[in-house]
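# Observations on chain architecture
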Amino acid sequence: MAIVSLSDNQRRTQFFQETTLLNLEYWQAWLAQVNSANITVVNLERNSIVRAILFGLDLGQVAWSTTYSLVTTFSTYMERGGHWEVWHGVLRRAIRLAESTRDKAGMVGLSALLARLLFQQNHFQEACRYYRQTIHLARQTGDRFSEARACSNLGYHYVETGQWYRAEVLCCHALDLFAQIDSQHGLAHTHNHLGCLYLRQEQWSQAEQHLQQACAIWQQLDDRHGLMRGYINLGALYLDTDCPGKVLLNSRKALEFAQLTGDKLAVGTIYINIGQAYRLKQEYAKAETHLRRAETIFQDHANARGLALMQDNLGLVYLEQQCWPEAEFYLKSALAAWRTLDSKYNEIQAITYLAEYELARGHSRQSSLYLAEAEQLLNRYDRPKRFYSHWNRVDKCRRSLHEAMSGQTTATRIQLHKRG
């Protein structure tokens, strides 16, 4: 075995650089060989790979090309594993290094990764900024794939925030670009995003068509993670159209792929969908079991959005069983969470649930106050009336409230008549 002399600073620096580069190359080759479905093996080596990347970033331009390659390869594993805070810091450092080396192509790739991570962390405004930066840089460098991907992902962001015209324009532009460069991967993701858009707009047939197209492409590509996303969204479609059997069928398929690919937060989302399906079937014990499983996952990863969704749905489970203290606790917890997350769409929905809760308890005045608040927010944030299900639910609750108050008035008159 050769002995390396480390008698001076230059030789020590050279040795550190060489071993760091070898380490980066080793992990890059290792990830290329390991079965992507064997997430357990990858998790065992996660800290070693992150450490190798950090050493590579310390070397700066000397190791930049190899470090960048490993960052982009490993990003998917870190996102799916829910290791968002650690990876956030890594991506920030990598972007600063790309900027200092004037690597525009690297900045495109890293900006797209950071934007996607920021969206998952509920930092929506900053995510938008990085998506726009990605689009701008991609156009400068002629990177049509990255431009299309950023447009598609930004479009999905606008779906979630209710800016549906912008969402459709961006996703259709992305669909055209992906078709021009024959990117099946990109086409599948954009069909999925359009499916989510039409799902929100309650255009059920269009939503199902796009989601089925996405799943068909992912099936051809043998993309298990993509199929997981498609089945999750098909489950959501069948929830909104009151088909609990189809929800369970698609959710079980999604759960299988989520477990294979190690996407723990997706598992939490799937448990919520299964819980909702069992609530529709009035199998409340099974509904609560799955929602509690989701709660454990989202608590472990400090995922505020997932916890808020769980609280919404657990509140409804208790509401339908007339477990009043539990229903009130979870519905109010969900409302507070949505306000903290500044999600107006979900805040309005949570307020409407509370109006229904108060109405079910016979508290007409409190129900009326919640309804007035929901209507005020709808008139302020949704003047074009795009939140169809919210308007319909508020109108239905308002009619039920009028009927209840009319019944109370009639009962009071009868009592007064009897006393007279």
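Scoring rules and cut-offs
Residues numbered from 1 in each chain as written. Predicted model: local features only at pLDDT ≥ 70, side-chain atom pairs only at ≥ 80, totals over all residues. Heavy atoms only, no water. Helix = DSSP H or I, 4+ residues; strand = E, 2+ residues; numbered from the N terminus. Buried < 20%, exposed > 50% of the residue type's maximum accessible area, 1.4 Å probe, protein only. Contact = heavy atoms within 4.5 Å. Areas by Shrake-Rupley, 256 points an atom, 1.4 Å probe, with all protein chains shown as cover. Lys, Arg positive; Asp, Glu negative; His and termini not counted. Charge placed at Lys NZ, Arg CZ, Asp CG, Glu CD. Expected span 1.5 Å × (residues − 1). Arc of directions from axis to C-beta. Salt bridge = Lys/Arg side-chain N within 4 Å of Asp/Glu carboxyl O. Phe/Tyr/Trp six-rings, centres within 6.5 Å; stacked < 30°, edge-to-face > 60°. Lys NZ or Arg CZ within 6 Å of the ring centre and 35° of its normal. Polar contact = N/O pair within 3.5 Å; in protein donor to acceptor, adjacent residues only side chain to side chain. Core = buried A, V, L, I, M, F, W, Y, C linked by side-chain atoms within 4.5 Å.

Attention now goes to the overall build of the protein. Helix and strand counts for the protein come out as 20 helices and zero strands. C-alpha atoms of the protein, sized along the principal axes, occupy 110 × 45 × 35 Å. Sorting the 420 residues of the protein into buried and exposed places 51% on the buried side. Counted over contacts in the protein with a minimum sequence separation of 6, partners at least 24 positions apart contribute 59%. In the structure as shown, the protein presents an accessible area of about 20,600 Å², 49% of it carried by carbon and sulfur atoms. With 46 positive and 41 negative side-chain charges, the protein shows a separation of 4 Å between the mean positions of the two kinds.

Attention shifts here to helix α11 (residues 204-221). Helix length check: α11 (18 residues) gives 26 Å between terminal C-alpha atoms against 26 Å at 1.5 Å per residue, within 8%. For α11, every residue scored as buried is listed here: Ala207, His210, Leu211, Ala214, Cys215, Ile217 and Trp218. Buried residues along α11 cover an arc of 160° about the axis, so they all sit on one side. Across from the buried face of α11, at angles greater than 90 degrees, the exposed residues are Ser205 and Gln220. Trailing α11 by a residue or two, Asp222 shows a phi angle of about 55°, which is positive.

Let us now look at the environment of Ala308. Tracing the sequence through the fold places Ala308 in helix α16 (residues 304-320). Residue Ala308 is classed as buried on the basis of its relative accessible area of 0%.

Here the structure, examined in full by the defined rule, presents 21 salt bridges. Between Arg292 and Glu295 there is a salt bridge, and its shortest N-O distance comes to 2.9 Å. Separated by three residues within a single helix, Arg292 and Glu295 lie in helix α15 (residues 284-300), roughly one turn from each other. Overall, Arg292 belongs to the partly exposed group, its relative accessible area being 26%. For the salt bridge of Lys344 with Glu347, the shortest nitrogen-to-oxygen distance reads 3.4 Å. Placement of both Lys344 and Glu347 in helix α18 (residues 344-360) is noted, with a separation of three residues, approximately one turn of the helix.

The next point concerns the packing of aromatic side chains. Summed over the entire model, instances satisfying the criterion amount to 16 aromatic pairs. Here Trp324 and Tyr357 contribute two aromatic rings whose centre-to-centre distance is 6.0 Å and whose plane-to-plane angle is 65°, an arrangement assigned as edge-to-face. Of this pair, Trp324 sits in helix α17 (residues 324-341) while Tyr357 sits in helix α18, and the two are 33 residues apart along the sequence. Here the aromatic residues Trp164, Tyr345, Phe387 and Tyr388 are joined through ring pairs into a cluster of three or more. The ring of Tyr271 carries Arg293 above its face, with NZ or CZ at 5.7 Å from the centroid.

Our next topic: the side chain of His83. If you trace the backbone, His83 turns up in the loop between α4 (64-80) and α5 (84-100). A relative accessible area of 19% places His83 in the buried class. A polar side-chain atom of His83 sits 3.3 Å from a polar atom in the side chain of Arg46. When near neighbours in sequence (up to four residues on either side) are disregarded, His83 contacts Asn43, Arg46 and Met78.

Taken as a class, soluble globular proteins show a tendency for nonpolar side chains to be buried jointly. Residues Leu31, Ile53, Phe74, Trp87 and Leu110 are the most contacted members of the largest nonpolar core, which totals 138 residues. Once residues lying within four places of it in the same chain are set aside, the contact partners of Leu31 are Val42, Ile49, Leu70, Thr73, Phe74 and Tyr77.

For α18, built from 17 residues, the straight-helix expectation of 24 Å at 1.5 Å per residue is met to within 8% by its first-to-last C-alpha distance of 24 Å. Along α18, 15 of the 17 residues are buried, which leaves the element largely enclosed by surrounding structure. Following α18 by one or two positions, Gly362 has its phi on the positive side, about 85°.

Moving on, we get to the side chain of Glu356. Within the secondary structure layout, Glu356 lies in helix α18. The contacts of Glu356, once residues within four sequence positions are left out, are Arg393 and Cys397.

Here the focus is unusual backbone geometry. Phi at Arg102 takes a positive value of approximately 55°, unusual for a residue other than glycine. Mapped onto the secondary structure, Arg102 falls in the loop between α5 and α6 (104-120). Despite not being glycine, Asp342 shows a phi value in the positive range, around 55°. With respect to the element layout, Asp342 can be found in the loop between α17 and α18.

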